[in-house]
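The chain contents come next:
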Amino acid sequence: MSWNYRITTRVYTHKYLHDPETLYEIREVYYDENGDIVNFAEQADIIGHSLQEVKDILRKMIECCDKPIIDYNTGEEIQELN
């Protein structure tokens, strides 16, 4: 079995939404030995309202790698952990 990340779309409906909402999601996709899709990750890693929004999120995620790390518990910037 192999896997990679793929962009998928899903149409969401909910009683609080007036219209169905299409979202674009990056999630893990799993393949069998023939290359056929056998499963998707349950949780999407990135979600956007358009393909462009997904690209913008990814760009911002890459940019964050060049910024100081923030300690989640204290909110303080820390030195990179090895």
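Rules behind the numbers
Residues numbered from 1 in each chain as written. Predicted model: local features only at pLDDT ≥ 70, side-chain atom pairs only at ≥ 80, totals over all residues. Heavy atoms only, no water. Helix = DSSP H or I, 4+ residues; strand = E, 2+ residues; numbered from the N terminus. Rg over C-alpha atoms; globule rule 2.2 N^0.38 Å. Buried < 20%, exposed > 50% of the residue type's maximum accessible area, 1.4 Å probe, protein only. Contact = heavy atoms within 4.5 Å. Lys, Arg positive; Asp, Glu negative; His and termini not counted. Salt bridge = Lys/Arg side-chain N within 4 Å of Asp/Glu carboxyl O. Polar contact = N/O pair within 3.5 Å; in protein donor to acceptor, adjacent residues only side chain to side chain. Pairing = 2+ DSSP bridges. Phe/Tyr/Trp six-rings, centres within 6.5 Å; stacked < 30°, edge-to-face > 60°.

Draft legend 1. Spotlight on the overall build of the protein chain. Secondary structure assignment for the protein chain yields one helix and six strands. Taken from N to C terminus, the helices and strands of the protein chain fall in the order β-β-β-β-α-β-β. Here the protein chain has a C-alpha radius of gyration of 17 Å; the compact-globule value for 82 residues is 12 Å, and the former is much larger. When the backbone C-alpha atoms are referred to their principal axes, the protein chain occupies close to 45 × 40 × 25 Å. A burial count over the protein chain gives 17% of its 82 residues as buried. Taking the contacts inside the protein chain whose residues are at least 6 apart along the sequence as the reference set, 28% of them involve residues at least 24 apart.

Draft legend 2. Examining the side chain of Glu-28 more closely. Relative to the helices and strands, Glu-28 is located in strand 2 (residues 21–31). Here Glu-28 occupies a buried position and makes no salt bridge, while the nearest side chain of opposite charge, Arg-27, is found at 9.5 Å. Polar side-chain contacts of Glu-28 include one of 2.3 Å to the side chain of Tyr-30. Residue contacts for Glu-28: discarding those within four places in its chain leaves Trp-3, Asn-4, Tyr-5, Asn-39, Phe-40, Ala-41 and Asp-45.

Draft legend 3. How the structure looks around the pairing of strand 3 (residues 37–40). Pairing of strand 2 with strand 3, which is carried by three bridges, proceeds in the antiparallel orientation. Bridging from a neighbouring strand, Tyr-31 pairs with Ile-37 of strand 3. The hairpin turn running from strand 2 into strand 3, its antiparallel successor, is five residues long, and Gly-35 in that turn takes a positive phi close to 85 degrees.

Draft legend 4. Spotlight on the packing of aromatic side chains. Throughout the structure, instances matching the rule amount to one aromatic pair. Plain terms: the ring middles of Trp-3 and Tyr-5 are 5.3 Å apart, the flat faces sit at 85 degrees to each other, and that makes the pair edge-to-face. Of the residues examined, Trp-3 reaches a relative accessible area of 46% and is grouped as partly exposed.

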